[in-house]
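As a plain string of letters, each chain reads:
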Amino acid sequence: MTSPPTVRRAPKGFTLIELIIVLAVAAVLAAAAAPSLETFVRNSRVRGEGLRLLEGLMYARGEAAKRQMPVVVCELDYADIANSPACGGTGAGDWAIFSSADGDLVFDFGTDVLLRVMPAGPSGVERLNKPADALALVFERDGSLRGATEAVFGICDDRDGDGEGDGEYGRELHISPVGRAWLKKGSVEDPVSCDPNS
């Protein structure tokens, strides 16, 4: 009696050579994608900070109309936090939104209401007031911006390491005198200004 012929099956799985080739190709693709991933992350940080600031300003405008009193948006100077902290700072700190019963730029503990604190943005991203001496934005009861001029904030980061913001990657937040706000994206052809004195 003869045994039935056995069918030889090909081994399943990968050989060591095939696995090494696949890993080498994956490593080359990952090395090629790393710089674009870093650019994506940086762009997301700048865009996110612009949207966060835009949302905070729209919240302040709505609160001014709802409460029927001026609402101030500014970076607080924490030097005199025990007494009445005033608007000030360097552009890299926490921003406060508060209703101001007397309409000034000083937070009075007895009469003013702290509505929200917006923590400083991500590391390496800075917010620049334009003009640089504009300490605060004040939304009036009708939602309009106090003062007759447009306010502009530059949101920039330093990509080339020269210590200055790079406008082709930045965003500009514009607030019109009637309180409308919008973001403008920078490009190589039309960079936003990252100079607070421009």
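The rules we used
Residues numbered from 1 in each chain as written. Predicted model: local features only at pLDDT ≥ 70, side-chain atom pairs only at ≥ 80, totals over all residues. Heavy atoms only, no water. pLDDT = per-residue confidence, 0-100. Helix = DSSP H or I, 4+ residues; strand = E, 2+ residues; numbered from the N terminus. Salt bridge = Lys/Arg side-chain N within 4 Å of Asp/Glu carboxyl O. Buried < 20%, exposed > 50% of the residue type's maximum accessible area, 1.4 Å probe, protein only.

Confidence in the prediction of the protein, expressed as mean pLDDT, is 80, and 82% of residues score 70 or more. Within the protein, no element has a lower average pLDDT than strand S5 (residues 125–130), which sits at 65, and none a higher one than helix H1 (residues 16–67), at 88.

Now for the pattern of salt bridges. For the structure on display, the rule yields 6 salt bridges. Among the ionic pairs, Arg52 bridges to Glu49, the shortest N-O distance being 2.9 Å. Taken together, the residues span about one helical turn, with Arg52 and Glu49 both in helix H1 at a distance of 3 residues. Between Glu55 and Arg116 there is a salt bridge whose closest N-O contact spans 2.8 Å. Residue Glu55 is found in helix H1, and its partner Arg116 is found in strand S4 (residues 113–118); the two are separated by 61 residues along the sequence. A relative accessible area of 41% means that Glu55 is categorised as partly exposed.

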